[in-house]
Amino acid sequence: MTALAPEAAVAQAPARRRYPPTTMIGPVEAQAARTPSASALVLAGGGVVTYGELNASANRLARALTARGARPGAVVGLTGGRAPAELVTALLAVAKSGAAYLPLDPTDAPGRLERLLAEHAPVFVLGEEGLDGLPADSPLATDPPRALTPQHPFGVGLGPGGRPQAVRLTHAEADRRVRDLQAAHPLGPGDRVLQLGLPLWEFLWPLRTGAAVALADPQRPGEVGALVRELGVTAIRVAPGVLLDG
């Protein structure tokens, strides 16, 4: 098993690599088209979601979001508390719609959630209880069209203490970070990557390479080693403090 270094170590590389600009979602869709039957998500308890299944579910949800105003330059809220597979599906759907995701915590301090919603004005908030409020059973499971460029926002970052940052993460910058990570720690088909306590955008890293994302069950908190054994993890991307706590 490989322990993937924190992002800070990658950022300290002597020279910044230059890559052809692209969006975060294009390589995921291309991977799903190449390997629709391969495992994309590996769930605690033995469940598996293939690339084809994940891509189709995210496409249906993306079309429902688009009908409610999601588009390049717009923002969609993502709340915590949802099942891990639903969270990945929602993240992909928001990216496919062209909108940027805004992470929201319903248990936050009083007034903070309202301030985030007022500042960023999301066109829709994917709720805590599953993907409620949106019919995700559209017959159209193909990749949706979108006028998306690498310079459009991909996500809204949160600063120290959860304070919103003025600068949003663009597709180009997120793509650069993911490619730097891949250059330092190559992933590929056969890898199962456990990611704990990291930004949402990092979940797309393995899905661009043909690897599978291993997802822990939030209702079964446990020691990291047990998750590694249960899910057949080959690489782990986690903050050092989490490993020490485990």
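Small disclaimer: the values here were computed from a predicted structure and weren't measured.

**Re the environment of glycine 45**
Here comes step 1: By secondary structure assignment, the location of glycine 45 is in the loop between strand 2 (39–43) and strand 3 (48–50).
Here comes step 2: Taking the C-alpha atoms as reference, glycine 45 lies 8.3 Å from leucine 231; in sequence the two are 186 residues apart.

**Re the pairing of strand 2**
Look at any regular strand and the pattern is simple: side chains alternate between the two faces of the sheet.
Here comes step 1: Inspection of the sheet shows strand 2 paired to strand 3 by 3 bridges, in the antiparallel sense. Paired with leucine 41 across the strands is valine 49, a residue of strand 3.
Here comes step 2: With antiparallel pairing between neighbouring strands as the criterion, strand 2 and strand 3 make up a hairpin whose turn holds 4 residues, including glycine 45 at a positive phi of roughly 100°.

**Some details on unusual backbone geometry**
Here comes step 1: Of note in the backbone geometry, alanine 121 takes a positive phi value of approximately 45° without being a glycine.
Here comes step 2: Residue placement: alanine 121 occurs in the loop between helix 5 (112–120) and strand 6 (124–126).
Here comes step 3: You can call alanine 121 exposed: its relative accessible area is 52%.

**A look at the nonpolar core**
Here comes step 1: In this structure, Leu65, Leu92, Leu126, Phe154 and Leu207 are the most contacted members of the largest nonpolar core, which totals 46 residues.
Here comes step 2: The greatest single-element share of this core, amounting to 7 residues, is contributed by helix 4 (residues 84–97).
Here comes step 3: Beyond its immediate stretch of four places on either side in the chain, phenylalanine 154 contacts Met24, Leu91, Ala95, Ala99, Ala100, Tyr101, Leu169, Thr170, His171, Ala174, Trp201 and Leu204.
Here comes step 4: Counting residues in each nonpolar core, the second largest holds 12 residues, with Val42, Leu196, Val224 and Leu227 among its members.

**Regarding the side chain of asparagine 59**
Here comes step 1: Among the structural elements, asparagine 59 can be located in helix 3 (residues 51–66).
Here comes step 2: Residue classification places asparagine 59 among the buried positions, given a relative accessible area of 0%.
Here comes step 3: Within the local environment of asparagine 59, its side chain forms a polar contact with the side chain of aspartate 143, the two groups lying 3.0 Å apart.
Here comes step 4: Every residue in contact with asparagine 59, bar those within four places of it in the chain, is listed here: Glu29, Lys96, Leu140, Ala141, Thr142, Asp143 and Pro144.

**Here we look at the pairing of strand 9 (residues 192–196)**
Here comes step 1: When you tally the buried positions in strand 9, you get 4 out of 5 residues, the bulk of the element.
Here comes step 2: The sheet contact formed by strand 9 and strand 10 (residues 212–215) spans 3 bridges and is parallel. Within strand 10, the residue paired with leucine 194 across the bridge is alanine 214.

Definitions and cut-offs
Residues numbered from 1 in each chain as written. Predicted model: local features only at pLDDT ≥ 70, side-chain atom pairs only at ≥ 80, totals over all residues. Heavy atoms only, no water. Helix = DSSP H or I, 4+ residues; strand = E, 2+ residues; numbered from the N terminus. Pairing = 2+ DSSP bridges. Buried < 20%, exposed > 50% of the residue type's maximum accessible area, 1.4 Å probe, protein only. Core = buried A, V, L, I, M, F, W, Y, C linked by side-chain atoms within 4.5 Å. Contact = heavy atoms within 4.5 Å. Polar contact = N/O pair within 3.5 Å; in protein donor to acceptor, adjacent residues only side chain to side chain.

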